[in-house]
Amino acid sequence: MSDGDDIIRFDDETDDEPILAPGEPADVEVRQVQGADDIKEPSVSQADSPFERIRAAYVQRLEVKQLIMELPGWGGELLIEFGLLSPRDAKQLRASTRGDRSDMSKVIADLLGLAHKGLSFYDPETGDPAELLTDGRRATLTDVGEFLPVRVSSARQGLLALFQEGPARQVNETALAAFANEVGRWMADTSLVVTGAVDQTLNDAGELVAESIDPGS
C-alpha cells in the first residue's frame, strides 16, 4: 500500500456521507438538528399586550362602517345600506324632531332616511349585494316611486312606503319599529352583526376588509 492510499480525498465525488455527531443516527444530518435543544424565551406578541389590543380596537373604530339590511317582508328582494350619521345629519335630525314627537314612525323614518346610503339587491350571479341603479346612479329612498306605484318626494315617504302592507297600504309600524331597533343597535355598537344583515366594514381605500353574514332564523 502506498502512502497516498491513506489520504482521504475531500474532492472525491463518491464520498457524500455526512459528518455525524457522536451517537447521531446515520440517516440524520447534524445541520438539521443544530440548536434544536436551545431554550428560547417566548417573545411577547401583539396579542399578549393589552395596549396593542386597545390600539388595534381603536384602528377598527376609525374604519368606514356600513350595514346592509334586508327589508323585512320583501323576501330578500330589496336591501338597504346604512352608515353612521354625519354631524350634519345629526343636526338635521335634531331640527326635524324638535317639535311634535308624538308620531314615532315619522321620527324613526327620519332617522333611517338620513342614515341610509342607498338601496341594493342580491346579484343573481354572485349572490352578493349589488347597488340598485336608476338612470345610471344609485337608487335611494327618494327613488322608491320609480319602481312602486306610489308618489314619493322624500326619504321619509320612501321608507314608509316600503313598510306599507295590505289593500289599504297601511304602514306596519311594528315591523318598522323592530327594524329600526336592529339598525339602532348596530349604530350604537358597529361591532355587532344584527339578525338578517350583511355587515360590511371598509377601510379608507374603500376595500372590503370584513364581512359577516347572519341570515337570521
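Just above, that's the structure.
Residues numbered from 1 in each chain as written. Predicted model: local features only at pLDDT ≥ 70, side-chain atom pairs only at ≥ 80, totals over all residues. Heavy atoms only, no water.

**Q** How would you explain the pairing of strand β1 (residues 64-70) if you had to name every residue and give the values?
**A** β1 sits mainly inside the fold: five of its seven residues count as buried. Looking at chain direction, β1 and strand β2 (residues 79-83) are connected through five bridges and run antiparallel. Bridging from a neighbouring strand, Q66 pairs with G83 of β2. (Buried < 20%, exposed > 50% of the residue type's maximum accessible area, 1.4 Å probe, protein only. Helix = DSSP H or I, 4+ residues; strand = E, 2+ residues; numbered from the N terminus. Pairing = 2+ DSSP bridges.)

**Q** An account of the nonpolar core is requested, with residue identities and associated values reported.
**A** Ranked by internal contacts, the top residues of the largest apolar core, which has 30 residues, are M69 and L112. A total of six residues in this core trace back to one element, the largest contributor, which is helix α5 (residues 173-188). Excluding residues that lie within four positions of it along the chain, L112 makes contacts with F82, L159, L176, F179, A180 and V183. (Core = buried A, V, L, I, M, F, W, Y, C linked by side-chain atoms within 4.5 Å. Contact = heavy atoms within 4.5 Å.)

**Q** Explain unusual backbone geometry residue by residue, including any values.
**A** Non-glycine residue D135 carries a positive phi angle of around 55 degrees. Along the polypeptide, D135 turns up in the loop between β5 (133-134) and β6 (137-138). With a phi angle near 55 degrees, R169 is a residue other than glycine that sits in the positive phi range. Assignment of secondary structure puts R169 in the loop between β7 (164-165) and β8 (170-171). Judged by its relative accessible area of 46%, R169 is partly exposed.

**Q** Describe the pattern of salt bridges, with residues and values.
**A** Taken as a whole and judged by the stated rule, the model has six salt bridges. Linking D143 and R137 is a salt bridge whose minimum nitrogen-to-oxygen distance equals 2.8 Å. A residue is classified by how much of its surface remains accessible, and R137, at 41% relative accessible area, is partly exposed. In this structure, the salt-bridge partner of E182 is R185, at a minimum N-O distance of 2.9 Å. With E182 and R185 both in helix α5 and three residues apart, this pair spans about one turn of that helix. Residues participating in the shared-partner salt-bridge network are E81, E131 and R138. (Salt bridge = Lys/Arg side-chain N within 4 Å of Asp/Glu carboxyl O.)

**Q** For the packing of aromatic side chains, give the residues involved together with the corresponding values.
**A** Tallied over the full model, the rule gives two aromatic pairs. Ring centres of F82 and F179 lie 6.0 Å apart, and the angle between their planes is 55 degrees; this geometry places the pair in the tilted category. You can see F82 sitting in strand β2 and its partner F179 sitting in helix α5, a full 97 residues away along the chain. Residue classification places F82 among the buried residues on the basis of a relative accessible area of 0%. Ring geometry for F163 against F179: centres 5.5 Å apart, planes inclined by 55 degrees, an arrangement best described as tilted. Of this pair, F163 sits in the loop between α4 (155-162) and β7 while F179 is found in helix α5, placing the two residues 16 residues apart along the sequence. Judged by relative accessible area, F179 falls into the buried class, the value being 4%. Joined through ring pairs, the aromatic side chains of F82, F163 and F179 make up one cluster. (Phe/Tyr/Trp six-rings, centres within 6.5 Å; stacked < 30°, edge-to-face > 60°.)

**Q** Pulling in residues and values, what's your account of the packing of helix α3 (residues 104-115) against α5?
**A** Between α3 and α5, the shortest axis-to-axis distance is 10 Å and the interhelical angle comes to 45 degrees. In terms of their interaxial angle, α3 and α5 are classed as oblique. Seen along the crossing, α3 lies across α5 with a hand that is left-handed. Seen from α3, the contacting residues are S105, I108, L112 and A115; seen from α5, they are E173, L176, A177, F179, A180, V183 and M187. Its residues placed into classes, the contact of α3 with α5 shows nine nonpolar, one polar and one charged. (Axes fitted to C-alpha atoms, helices over the stretch in contact; angles between N-to-C directions. Parallel < 35°, antiparallel > 145°, perpendicular 65-115°, else oblique. Left-handed = near helix turned anticlockwise from the far one by under 90°. Nonpolar A, V, L, I, M, F, W, Y, C, P; charged D, E, K, R; others polar.)

On their own, these measurements won't tell you what the molecule is for.
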